[in-house]
Amino acid sequence: MKISSLLKPEAIAIGAAASSKDDAISKLVDLMTTQGNVADRDAYEAAVHAREDEGTTALGEGIAIPHAKTSAVTAPGLAAMTLPAGVDYDAPDGQPTTLMFLIAAPDTKADVHLEVLSRLSTLLMDPEFCASLRDAKDPAEFLAAIDAAEAAKLAADDEKAAAAAERDAAGYDIVAITACPTGIAHTYMAAEGLEMKAKEMGVRIKVETQGSGGAKNVLSAEDIAGAKGVIIAADKNVDLSRFDGKPLYSCPVSRGINEPEALINEILEGKAPVHHVAGGAKAQAASSSDNESTWHKIYKHLMNGVSHMLPFVIGGGILTAIAFLVDQPGLGTSAYGSSIPAAALFKTIGGEAFGLMLPILAGYIASSIADRPGLAPGFVGGLFAKAGYDFAYLGTLDSTTLVSGGFIAALFAGFAAGYITLGIERACDRLPASLEGIKPMLIYPVLGTLAIGVVMLALNPLFALINTALNGFLAGLGTSNIVVLGLVLGGMMSVDMGGPFNKAAYVFGTAALDPSSGLGTTGQIIMASVMVGGMVPPLVIALSTTFFKNRWTKADRNAGLVNYIMGLSFISEGAIPFAAADPGHVLPSCIIGSAIAGGLSAAFGCTSPAPHGGAWVTAVIGNPLMWLVACLVGSVIGCVILSFWKKPLPASESGLEK
């Protein structure tokens, strides 16, 4: 489908003016409706705004391509507008937007808008073409410029395809992959940039694009074998196993757009390190020091564990919350959450799913470091961190004395298991080649699992000591200053979100409810402070990802929404993936917010006879309005601290560039 076939003269505005981004969208939507392809104007405009909420569609260089795919559209179409005075469209380069295209696509299986968008993106990389559109005197001249450019582009594509067929036989100097998180504009613009610069330099290149519609122009084994090296311009994980033994240079996708010559020269000048896949493991891409520092590598391993852990946190946490919601008969009793069969069903399933969180986290951190051989040791390390096994347990087999290390111990176990396995792999490189087949099936899992088990048995007592010290500290603090106690307990709920600090505070709070404690109402004040403190961390994340979007990736923002439910359900662990990814910013902010909430709850004299349930048990909370105020104030303060402390992400990372 040609671009010009979707754009009618009446849908083009030359020399228009817009007072704001919203005004520009409204005028473009009006132009679109003149074509008769929009059944519901308001619904379509709402869909365009919804897409903008995910991230601006401005590309920079004065260009924006808003778009939406919705049932309000009956047939695909385009509208266009030139704005000589420009309009602020939240462009990544901060410059006013002077040329806009609006894409409308029906909600069908065919991703028409993505196809047109990718073609438009590549055409708009030509400054002369953009200038001809801005200089057009009327719609006819505007369309003529598009027809000419598209005809030239199609001819060039045909020529490129013919030349590619010849080069496939002769081989390529360089092969490349481009990819961005959304797989739309930047993926294809980087490919176009590399291809144009390579042609100018007389270099034969083949670029595979991993866009939203799947991989295109896929590299064959012959393409890779004959190339001098590989360029990976991507902002998401790319499987590198097929590039074993090839010089490989990895970088953000934006460099494919802005610095294609430098990337090509990295390969031609022999600067790219050789990529190796040792022992069957998929090694990480060798790359420039600016984007593959030690911290960046650690971060990638960490995020592999967090991304695999998240479904267990969300699924198990929400099912557990439902258990407390439906178990109204059990309020205030030790059986709350499972006193009726329906509640027990949800709590059992949710609890089992939730219980896999730490082993999954550790296992996939380890597998990111050492690939599949690291998976078993990582899982075992995570299980040991969760259970708190130590050498003393081996002599008594008394599980009642064990103390879980929480997610901090699981993080340690994951990295330890990964690097231990990696060390075993390298040590085994000296073994005879005849043993190659049994390494991944026998040597790695046996030695790796044994090693991480011994390490965790030795180190888990440290976490037991921490827990004992915390309980002693809380008991010594007493109840003479209930506000200080509420502040301390609330803050502790955020220190490790399910780990020793959190559990020590929670156990202290639940023990305070026991009639034998003699605390009475004071015990319920303590429990209310503990619960509100544990509700704050997920709410801090949820608020920050909602109101400070440029601090987070699109995946973070999507996951952040679930934290509203987690926070209201008193499931602190909903914030763990964010705390694990950025502990330096997230933990202090949440601790401060939780401490303030816990202190305020105690100051207001709020009480809770229920040991769990969060906002779902507000009906049984004493002074419920001020308890909710304490929760809101702590969450907002934590959100503000985190959001202003955490630096905005580059547009390519936040996903707000399109």
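As the structure is a computational prediction, the values presented were derived from the model and not from experiment.

Points about helix α11 (residues 341-355)
Link 1 in the chain: Compared with the 21 Å implied by 1.5 Å per residue over 15 residues, the 20 Å span of α11 between its first and last C-alpha is a close match.
Link 2 in the chain: Where α11 is concerned, the buried positions are A343, G350, F354 and G355. Take α11 and look down its axis: the buried residues cluster within an arc of 130°, on one side only. Facing away from the buried side of α11 by more than 90 degrees, the exposed set consists of P341 and E352.

Some points on the pairing of strand β5 (residues 77-87)
Link 1 in the chain: Burial runs high along β5: nine of the 11 residues are buried.
Link 2 in the chain: Bridge count for strand β1 (residues 7-13) against β5 is three bridges, and the pairing is parallel. Bridging across to β5, A13 finds its partner in M81.
Link 3 in the chain: Of the strand pairs in this sheet, β5 and strand β6 (residues 97-106) are connected by seven bridges, and their pairing is antiparallel. Bridge pairing in β6 places G77 opposite A104.

Regarding the environment of I621
Link 1 in the chain: Checked against the element boundaries, I621 lands in the loop between α22 (583-603) and α23 (624-645).
Link 2 in the chain: Between the C-alpha atom of I621 and that of S608, which follows or precedes it by 13 residues, the distance is 4.9 Å.
Link 3 in the chain: Contacts of I621, omitting those with residues within four sequence positions, involve T607, S608 and W627.

With respect to helix α9 (residues 260-268)
Link 1 in the chain: Three or more residues of α9 are buried, namely P260, L263, I264, E266 and I267. The arc that holds every buried residue of α9, seen down its axis, measures 150°, which confines them to one face.
Link 2 in the chain: Directly beyond the C-terminal end of α9, a positive phi value near 70° is found at G270.

A word on the packing of helix α1 (residues 21-33) against helix α2 (residues 41-54)
Link 1 in the chain: Close contact between α1 and α2 brings their axes to 10 Å; oriented N to C, the two are set at 135°. By the angle between their directions, the pair α1 and α2 is classed as oblique. You can see that α1 and α2 cross each other, and the crossing is right-handed. Contact residues: α1 offers K21, D22, I25, S26, V29, D30, M32 and T33, while α2 offers R41, Y44, E45, V48, H49 and E52.
Link 2 in the chain: In the contact of α1 with α2, the residues fall into five nonpolar, three polar and six charged.

With respect to the side chain of D327
Link 1 in the chain: Along the chain, D327 turns up in the loop between α10 (294-326) and α11.
Link 2 in the chain: For the buried D327, no salt bridge is present, and the opposite-charge side chain at shortest range is K347, 7.4 Å distant.
Link 3 in the chain: At 2.5 Å, the side chain of D327 and the side chain of S339 are in polar contact.
Link 4 in the chain: Ignoring anything within four residues of it in the chain, the contact list for D327 reads A335, Y336, G337, S338, S339, I340 and A343.

What about the confidence of the model for the protein chain?
As a general rule, the predicted coordinates of low-pLDDT regions are not to be interpreted in detail.
Link 1 in the chain: Confidence in the prediction of the protein chain, expressed as mean pLDDT, is 82, and 84% of residues score 70 or more.
Link 2 in the chain: Scored below 50 in pLDDT, residues 279-292 shows 38 contacts in the model against residues more than four places distant or in partner chains.

Comments concerning the side chain of D390
Link 1 in the chain: Inspection of the secondary structure assignment puts D390 in the loop between α13 (375-387) and α14 (391-396).
Link 2 in the chain: Here D390 sits buried without a salt bridge, and the closest side chain of opposite charge, K386, lies 17 Å off (N-O distance).
Link 3 in the chain: In this structure the side chain of D390 is engaged in a polar contact, spanning 2.9 Å, whose partner is the backbone nitrogen of Y393.
Link 4 in the chain: Sequence-distant contacts of D390, defined by excluding residues within four places in its chain, comprise L402, L457 and P461.

Definitions and limits used
Sequence order sets the numbering: in each chain, residues are counted from 1 along the sequence as written. A pLDDT threshold of at least 70 governs which residues receive local features in this predicted model, and a stricter bar of 80 or more applies before side-chain atom pairs are shown or counted, although totals over entire chains, interfaces and linings include all residues. Computation of side-chain values covers all heavy atoms of the structure but excludes hydrogens and water. Secondary structure elements are taken from DSSP: a helix is a run of H or I of four residues or more, a strand is a run of E of two residues or more, and numbering for both begins at the N terminus. What a helix is expected to span follows from its residue count: subtract one and scale by 1.5 Å. Buried means the residue's accessible area, taken with a 1.4 Å probe over protein chains only, is under 20% of the maximum for its type, while exposed means over 50%, and partly exposed covers the values in between. When we speak of the arc, we mean the arc of directions from the helix axis to the C-beta atoms. For two strands to pair, DSSP has to find at least two bridges joining them. Only heavy atoms matter for contacts: two residues are in contact if any of them lie within 4.5 Å across the pair. Only the stretch in contact is used when fitting a helix axis, every axis being a line fitted to C-alpha atoms; angles between N-to-C directions are given from 0 to 180 degrees. Reported orientations rely on four angle classes, namely roughly parallel under 35 degrees, roughly antiparallel over 145, roughly perpendicular from 65 to 115, and oblique for the rest. It is the rotation of the near helix from the far one that decides the hand of a crossing: anticlockwise by less than a right angle makes it left-handed, clockwise makes it right-handed. Residues are grouped as follows: nonpolar covers Ala, Val, Leu, Ile, Met, Phe, Trp, Tyr, Cys and Pro; charged covers Asp, Glu, Lys and Arg; every other residue, Gly included, is treated as polar. Asp and Glu count as negative and Lys and Arg as positive, but His and the ends of the chain are not part of the count. For this analysis, a salt bridge means a side-chain nitrogen from Lys or Arg found within 4 Å of a carboxyl oxygen belonging to Asp or Glu. Polar contacts here mean pairs of N or O atoms no more than 3.5 Å apart (in protein, one a potential hydrogen donor and the other a potential acceptor; neighbouring residues in sequence count only if both atoms are side-chain atoms). A score between 0 and 100, pLDDT records how confident the predictor is in each residue.

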